[in-house]
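Structural characterization, general
What follows is the residue order along each chain.
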Amino acid sequence: MKKIPHGLAVIAATALFLAGCAPAAEIPAASENDQDPPVAADEDSTETGETGDDSPEDADFGEVLGVVKINDFTTYAITELRNCEPLNDGTIERELELQGFGEHEGTPIQIDVYKQMVAGSAGNEVSWSGPEGVFGSSDIASITWAGEGDNVLGSSTLVDGATQSEKIMVGFDLQVPAETVACR
């Protein structure tokens, strides 16, 4: 039950993000399911491509394959996803290892999602690299994935990789490619 409203909110947020880059005719249809605040890049909304004039980064994005939301304020589009061959080394047994990439104002962004068991116990992890800095899971991440053909949804509180003092909350909805690739 929790998956459906979150999924609809993410779809609405993605539609709003895409509407900012599309002709104005598509905007009313996207706002029907708006349960969250509209997708915004940051304090300054001109980089979302609202005007459509000078947003070369947005033009290079390609298809949006997922979204990442930081602290319920900033939403980023993920435009490249890799479903990595899962690691199974006897201690770590990964069911899913997903790498997501995008770009925000010329800065690369990346999310890594690991649905895994570590020594027989749940050990799901998420890491984030973006304008906020580099962050990793401080606790076991909440990750929902039913398997092949489904999106992976989740959230986690992440801690700053450099100082271990700053925390952010990350939420995500990402398509999982059918094919796996070697990432190591």
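Structural data are supplied above this passage.
The notes below deal with the structure included here. Not measured: the values here are computed from a predicted model.

About the cut-offs
Residues numbered from 1 in each chain as written. Predicted model: local features only at pLDDT ≥ 70, side-chain atom pairs only at ≥ 80, totals over all residues. Heavy atoms only, no water. Buried < 20%, exposed > 50% of the residue type's maximum accessible area, 1.4 Å probe, protein only. Helix = DSSP H or I, 4+ residues; strand = E, 2+ residues; numbered from the N terminus. Pairing = 2+ DSSP bridges. Salt bridge = Lys/Arg side-chain N within 4 Å of Asp/Glu carboxyl O. Disulfide = S-S within 2.5 Å. Core = buried A, V, L, I, M, F, W, Y, C linked by side-chain atoms within 4.5 Å.

**Comments concerning the pairing of strand β2 (residues 74-78)**
- Here β2 lies mainly inside the structure; five of its five residues are buried.
- Going residue by residue along β2, you find T74, Y76 and I78 tucked away on one face and T75 and A77 tucked away on the opposite face as well.
- Bridging between strand β1 (residues 66-70) and β2 involves five bridges; their strand directions are antiparallel. Pairing of I70 across the sheet is with T74, part of β2.
- From the end of β1 to the start of β2, which pair antiparallel, there are three residues, and N71 there has a positive phi angle of about 50°.

**Re the pattern of salt bridges**
- For the coordinates displayed, the defined rule picks out three salt bridges.
- Where E97 meets R94, a salt bridge forms, and the shortest distance between an N and an O atom there is 3.0 Å. You'll find E97 and R94 in the same group, each marked buried.
- For R184, the salt bridge is made with E97, and the minimal N-O distance between the two is 2.5 Å. Placement of the pair is R184 in the segment after β12 (180-181) and E97 in strand β4 (residues 92-104), with a sequence separation of 87 residues.
- With a relative accessible area of 58%, R184 lands in the exposed category.
- Judged by its relative accessible area of 5%, E97 falls in the buried class.

**Concerning the state of the cysteines**
- Scanning the entire structure with this criterion turns up one disulfide.
- Covalent S-S linkage joins C84 and C183, the inter-sulfur distance amounting to 2.0 Å. Taking the sign of the S-S torsion, about -85° here, the bridge from C84 to C183 comes out left-handed. Of the two residues, C84 is situated in strand β3 (residues 80-84) and C183 in the segment after β12; the sequence distance between them amounts to 99 residues.
- With relative accessibility at 0%, the residue C84 sits in the buried group.
- Accessibility expressed as a relative area gives 27% for C183, which makes it partly exposed.

**A short note on the nonpolar core**
- Residues I111, W128, V152, F172 and L174 are the most contacted members of the largest nonpolar core, which totals 24 residues.
- Listed by contribution, the elements that provide at least two residues to this core are β1, β2, β4, β5 (107-118), β7 (125-130), β10 (152-160) and β11 (167-174).
- Looking at this core, the element that brings in the most residues is β11, giving four residues.

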